[in-house]
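Architecture and fold: a report
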Amino acid sequence: MKIELTYTSDSHRLLLIFAGWGMDPQPFRHLTANGYDIAVAFDHRSAECADIINLLPRYSEICLLAWSFGVAAAAHFLRNHPELPITAKAAVNGTLFPVDDTKGIPRAIFDGTMNGLNERTLAKFDRRMCGSAERLSAYNAMHPRRDINELADELKAIDTLPAASQMDDTFDIVYIGTSDHIIPTANQQNAWSSHPCVKTIDSPHLPDFDHIISSMLTDKGLVAGRFGRSKTSYDDEAIAQRRIASHLAELTVSAIDGKDPINMLEVGTGTGMLTSALLERITPNALTLWDLTEIPRHLPGKHVTCDAETKIREIPERSLDLIVSSSAIQWFNSPSSFIHQCHRTLASGGLLALSTFSPENFHELQPYLPSQPEYYDAATWRRILSRDNWKEINISTGRIELQFTSSRELIEHLRRTGVNAITPSAQSLTPLRHILADQVTSLTYSPLYILARR
């Protein structure tokens, strides 16, 4: 395996793309990601590469996007390197079964490709991979520069990869193209039938990587900056968030049933709405507060400015009694990986209590927004939680409707609460113009509450 850094902004976060067969960095050089460097792993003739181990330790967070045969290669890499700070893990148009008649590329097609490989058959493969003349033309303009003999050897190496069905929980999210003629769509659906989070995309085998990256990654620097700037106005404006925090506190206290936690962690403290609501009712022996931005000094406990997705990996096993978080984890690159880490760090009988939002959140704005956090519905959350051995899982939803006198007042509400971080930057001007033109004056928050006991 080889690796090459294709885009850098001197970030301490990295998107690592595991490319498919026959690739090199050329088709990926145009890709960028706000707040992330990008590296491409390719050439799967060998499973390991010293360059990977030399490069990756410099990053505090690594997100992984695996495509095609890169999915199986990435799964084995992840198994061999559990020490890496990997959060989000997406599989795109690939399975854990490299060559399989019902769950991967059919044996006859694979053997035919391997045994008849030449420049002409490779061009035919490219046409099937791209799915259209327009996509093929764009791909040919950035075509990989690999020797045909290397590609034959790479196919032989891929054929020796064992199926990794026992690692069905390796990836957080799976994308399946509806027009994949390399690894048939039906075979991918069979392979991922038990996965909790599968998304169908209108795509041939070669997907729109720009779109997947924008939906997969959160620019945490942008989120921290906008929420940080809104803190002076947040408490006065965040009516819905205050109601959500108050209800989560009630649910948490009820679940604790009169037993004060010894060691409590709050994730995404913000201005302390949930902190204050809880401390009116419980008295933890030790309290730690985490947030991307500086925590208000008047709040008690130990304050840590950090990225919770990576910081949670440092917490010893079974050392916490209560983990709470209100309206925060929807900004994470991998809420499901974070939940898994929470299970690891909670003591037996410990409680996880958090709120996030359902897919109906801000339904009035969804037609206008180019990107927004990944919201899961209650059924998906239950499937995610079921992958760990939680003793109890309780999920409930709510609805909070706000009315404004004008669309401009609605937009100001978003700005003053930091929620405008759902749009990337100056690109948000066009959606805002459409919201103003259509006179959108209502906003519906759809909170989702999760309580799970270790």
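Please refer to the structure placed before this passage.
Now for a look at the structure at hand. (Residues numbered from 1 in each chain as written. Predicted model: local features only at pLDDT ≥ 70, side-chain atom pairs only at ≥ 80, totals over all residues. Heavy atoms only, no water.)

Another aspect to go through is the sheet that holds strand E3 (residues 37-42). Across the sheet, which stays open at both edges, the 7 strands sit in the order E1-E3-E2-E4-E5-E6-E7 with mixed pairing between neighbours. Among the strands making up the open sheet, the edge pair consists of strand E1 (2-7) and strand E7 (198-201). The sheet shows a mean angle of 20° between the axes of neighbouring strands, direction not considered. With 5 bridges connecting them, strand E4 (residues 61-67) and strand E5 (residues 86-92) associate as parallel partners. Directly across from Leu-64, in E5, lies its bridge partner Lys-89. In the packing of helix H2 (residues 70-80) onto the sheet, contacts are made with strand E2 (13-18), E4 and E5, and the angle to E4 comes to roughly 145°. (Pairing = 2+ DSSP bridges. Helix = DSSP H or I, 4+ residues; strand = E, 2+ residues; numbered from the N terminus. Axes fitted to C-alpha atoms, helices over the stretch in contact; angles between N-to-C directions. Contact = heavy atoms within 4.5 Å.)

What follows covers the pairing of strand E14 (residues 400-403). By the alternation rule, side chains of E14 split into Ile-400 and Leu-402, which are all buried, and Glu-401 and Gln-403, of which none is buried. Pairing geometry for E14 and strand E15 (residues 442-445), over 4 bridges, is antiparallel. In the strand pairing of E15, Leu-402 is matched with Leu-443. (Buried < 20%, exposed > 50% of the residue type's maximum accessible area, 1.4 Å probe, protein only.)

Under the counting rule described, the total for this entry stands at 21 salt bridges. For Arg-146, the salt bridge goes to Glu-150, with nearest N and O atoms at 2.8 Å. We classify Arg-146 as buried; its relative accessible area is 14%. Of the residues examined, Glu-150 reaches a relative accessible area of 22% and is grouped as partly exposed. Here Asp-307 ties to Lys-220 by a salt bridge, and the two come within 2.9 Å at their closest N and O atoms. Of this pair, Asp-307 sits in the loop between strand E10 (302-305) and helix H12 (308-311) while Lys-220 sits in helix H9 (residues 220-237), and the two are 87 residues apart along the sequence. For Asp-307, a relative accessible area of 11% corresponds to the buried category. (Salt bridge = Lys/Arg side-chain N within 4 Å of Asp/Glu carboxyl O.)

Moving on to helix H13 (residues 335-345). Burial within H13 is extensive, with 9 of its 11 residues counted as buried. Among the residues of H13, those classed as buried are Pro-335, Ser-336, Ser-337, Phe-338, Ile-339, Gln-341, Cys-342, His-343 and Thr-345.

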